[in-house]
Structures are given as structure tokens and as C-alpha cells.
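Listed below, chain by chain, are the residues.
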Amino acid sequence: MKKRDYYEVLGVPKSASEADLKKAYRRLARKLHPDVNPGDKSAEKKFQEVQEAYDVLGDKEKRRAYDRFGHAGPPPPGFEAAGGGGFPGGFPGGAEGFSFEGGDLSDLFGNIFGGRFRASGPRPGTDVSGTIEIPFRDAVLGGTASVAIRREKACPQCGGSGRVGKGPCPNCRGSGVIVESENVRLKIPEGTEDGGTIRVPGKGSDGSGGAPPGDLYVTVTVPAHPYFERQGDDIHGVVPVTVKEAYAGAEIDVPTIHGTVRAKIPAGTQGRQKFRLRGKGVKNPRTGAVGDHLYSVRVVPPRTMTPAGLDAATLMDSLYDAPVRADLPKGL
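First, a word on scope: everything that follows refers to the structure included in this document. No experiment lies behind these values; they were computed from the predicted model shown. (Residues numbered from 1 in each chain as written. Predicted model: local features only at pLDDT ≥ 70, side-chain atom pairs only at ≥ 80, totals over all residues. Heavy atoms only, no water.)

### Some words on the sheet that holds strand E14 (residues 274-277)
Phase 1: Pairing within the open sheet is mixed, and its four strands lie in the order E10-E11-E15-E14. Two strands close off the open sheet at either side, each with one partner strand: strand E10 (229-231) and E14. Here the strands of the sheet are splayed against their neighbours by 35° on average, with no regard to which way each runs.
Phase 2: With eight bridges joining them, strand E11 (residues 234-242) and strand E15 (residues 293-300) adopt parallel strand pairing. When the bridges of E15 are listed, Val239 appears paired with Val297. (Pairing = 2+ DSSP bridges. Helix = DSSP H or I, 4+ residues; strand = E, 2+ residues; numbered from the N terminus. Axes fitted to C-alpha atoms, helices over the stretch in contact; angles between N-to-C directions.)

Below you can see the structure in the form of C-alpha cells.
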């Protein structure tokens, strides 16, 4: 069967950047890994094909050679056919029957183009991503959480080489990695926003050849609070007041994310008038600056109707020096 083009295997154009190649490889590897698809021979074959394609295209020298010579590849230096004469265009007629000192030709191709084996040399581990929902309180004040992840780790039986003796490792099926589930404890920074990302160094997939592991990136979702509304680093709320408090002024209790604060409103406070409590908002995790708490006033008249109450309301109504709806528009 004719071998597929490596760019086609990864689903990227030939102009793809290194970042595009890495992204495509990660997506396909997670989808097709044998530990994710136990017993699925088709997925295992596709996984090996993806691994082979990335081992070549992910290496600058190998990619340059592949772009020039294709799957045939350039002959290694000093490699000659019996009777002299190298193969300037690769290996005509295929590789059957050829061998070289120190191993068979499949090993040679494995060294040049990765083959179905892992590329030689250290390769940093890939990053792992996840999503978690955290309470509003933990987001604004900080806290801890636990997230379940699945990540690749070096196979303990073959040490990540993919081979045991002369054959592929039976534990990892020659991939050099296994997929493990793990619960990772997260520290939620104070001021974490909905849609923000928390990075946990070293909790991604293991690297190969002694290279460092990747990182874990957890995207955070924060449900809305029934009372407090967050806008950037500021918190907004509404405080009900009585008619007398609004008319004569008063000290009132204002709820904030840091606890209740006693605050003054002046005489003649209007409905929906806004006030600010500085430094009672959210601490920005990047700058360390703390936002404010802004609250608006809602004037609540009494529900009970009495003759004395009507007399008091009539008297208060006579105190207005202008119609309260004078500034409203007459229409569109």
C-alpha cells in the first residue's frame, strides 16, 4: 500500500508552522492513542501513522529532507550498493533485500525518518488541558479545587523507548507512553475570572529522553452569584432603603464580598443613586490592585396602607418643587 503524505496524515498544509504541526499532532494523538481505544486495531494503526508523520515533520532537518525527497529519503552518507555507486535519488525499487552492518534497514529508516519508532533525542512533553467549574466565592477570594485529567506518561516497562529487546514494548504497544488518570489539586488564585486559565507546571504529558514534562492548563468557569455582580475587578450590588432613610439620610449595612460594611447615605438620596466603597472589590491576580464595591440604592415604600400613612405621603408629596417626570420624553 502506498504510504500517505505526512502533511495529509496530520491534516495540515505544507506551509504549516511548527505550532500548527504540534497542535494537529496533539489533537490526533489524544484521539487515536491505543490506551484511549483499547483493542481498536484501526485506531492503533492510525496512531502509529500520526506518530511517524510528526517525528519527521516536527524535526527541521527531517522535514527539509522530506520536502525535497519525499518518502524515499536521501541516502545516508557512505551508503553504497554492492559494486559501488550510491543512490542519488533514494532507493530505487524499494528497500527489500538491503541491509547494513549493525542492524536491519528498518532501524536505518527509523533513525532517518522516525519510521514507526520514536524519534531519537529528547522531546519535551506535550501540554494537557482541562475545564473546571468553581464557586463564585473561590474565584474572587481564592481557594483550592481538584480536577481529573488524563495524561501521557513514559511507559515504565520500556522507559519510554517503545522497545523491549528487538521488538515493540508489549505494555505500550511500541508507542513509548501510557495514558493515566490523575486527580490534580489546584490552587485557585484570588481574583480568578470566568474563562481564565490556571497553569500547573509539570502536570502535562511526560517528555522523552530526559526532557521535561508539559504543563496542565485548566480553564475556569464561574457561575453567576445571586446577589453580587462582578465587572472586571469591581463588585456591584443593590441595597434597599426606607423612604425615611433616603429622605433624611442614614447609616446602612452594605454587603460586600469581604463582609458587611457600615456606610452613610446623605439626606435626599435618590432611587438608583450609586455609591462607592473603595478597596472592597476583587484583587487583580496580575497587578495586585484591588477593585471597588459599587452599590445603588433602591427606595422601598411601605406596603401597609393606613390613613396616617396617606397623610404623611401627601405631606411629603407637597414638598416636591417640580414634577418628578418633567424630564421624561414624550415619545420617540
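### Brief notes about a positive patch on the surface
Phase 1: Taken together, the side chains of Lys23, Arg27, Lys31 and Lys46 present a region of like positive charge at the surface.
Phase 2: Per element, the largest residue contribution to the positive patch is three residues, and it comes from helix H2 (residues 18-32).
Phase 3: Within the secondary structure, Lys23 sits in helix H2. (Patch = residues over 30% accessible without salt bridge, like charges linked within 9 Å, V, L, I, M, F, W, Y side chains within 5 Å. Areas by Shrake-Rupley, 256 points an atom, 1.4 Å probe, with all protein chains shown as cover. Salt bridge = Lys/Arg side-chain N within 4 Å of Asp/Glu carboxyl O. Lys, Arg positive; Asp, Glu negative; His and termini not counted. Charge placed at Lys NZ, Arg CZ, Asp CG, Glu CD.)

### Structural notes on the side chain of Thr126
Phase 1: Mapped onto the elements, Thr126 comes out in the loop between helix H5 (105-113) and strand E3 (128-133).
Phase 2: Relative accessible area serves as the criterion here: at 17%, Thr126 is assigned to the buried category.
Phase 3: Once residues lying within four places of it in the same chain are set aside, the contact partners of Thr126 are Arg26, Gly204, Ser205, Gly214 and Asp215. (Buried < 20%, exposed > 50% of the residue type's maximum accessible area, 1.4 Å probe, protein only. Contact = heavy atoms within 4.5 Å.)

### Here's the deal with the environment of Ala145
Phase 1: Residue placement: Ala145 occurs in strand E4 (residues 143-154).
Phase 2: Put simply, Ala145 and Arg185 are 40 residues apart on the chain and 5.8 Å apart in space, counted from C-alpha to C-alpha.
Phase 3: Sequence-distant contacts of Ala145, defined by excluding residues within four places in its chain, comprise Ile132, Ile134, Val184, Arg185, Leu186 and Ile188.

### Section: the sheet that holds strand E9 (residues 216-221)
Phase 1: Ordered in space as E3-E9-E8, the three strands form an open sheet in which the pairing is mixed. A single partner strand is all that each edge strand has here, and the edge strands are E3 and strand E8 (197-200). Across the sheet, the mean angle from the axis of one strand to that of its neighbour is 25°, orientation sign disregarded.
Phase 2: Across four bridges, E8 lies against E9 in antiparallel orientation. Across the sheet, the residue bridging to Arg199 is Tyr217, located in E9.

### Describing the pattern of salt bridges
If charged atoms from side chains of opposite charge come close, those side chains can pair.
Phase 1: Summed over the entire model, instances satisfying the criterion amount to 16 salt bridges.
Phase 2: Residue Lys203 pairs with Glu182 through a salt bridge whose shortest N-O separation is 2.9 Å. In this pair, Lys203 sits in the loop between E8 and E9 while Glu182 sits in strand E7 (residues 177-188), placing the two residues 21 residues apart along the sequence.
Phase 3: With relative accessibility at 23%, the residue Glu182 sits in the partly exposed group.
Phase 4: Here Arg276 ties to Asp292 by a salt bridge, and the two come within 2.9 Å at their closest N and O atoms. On the criterion of sequence distance, the pair formed by Arg276 in strand E14 and Asp292 in the loop between E14 and E15 is long-range, its members being 16 residues apart.
Phase 5: Taking the relative accessible area as the measure of exposure, Arg276 reaches 42% and is therefore partly exposed.

### Overview of the side chain of Ser296
Phase 1: Structurally, the position occupied by Ser296 is in strand E15.
Phase 2: Assessed through its relative accessible area of 14%, Ser296 is described here as buried.
Phase 3: Once residues within four sequence positions are removed from consideration, Ser296 is found in contact with Gly237, Val238, Val239, Arg272, Gln273 and Lys274.

### Details of the packing of aromatic side chains
Phase 1: If you walk through the whole model with that rule in mind, you get five aromatic pairs.
Phase 2: With 6.2 Å between their ring centres and 45° between their planes, Tyr7 and Tyr66 make a pair best called tilted. One end of the pair, Tyr7, is in helix H1 (residues 6-10); the other, Tyr66, is in helix H4 (residues 60-69), and 59 residues separate them in sequence. For the pair Tyr7 and Tyr66, one class covers both residues: buried.
Phase 3: Put simply, the rings of Tyr6, Tyr7 and Tyr66 pair up and form one aromatic cluster. (Phe/Tyr/Trp six-rings, centres within 6.5 Å; stacked < 30°, edge-to-face > 60°.)

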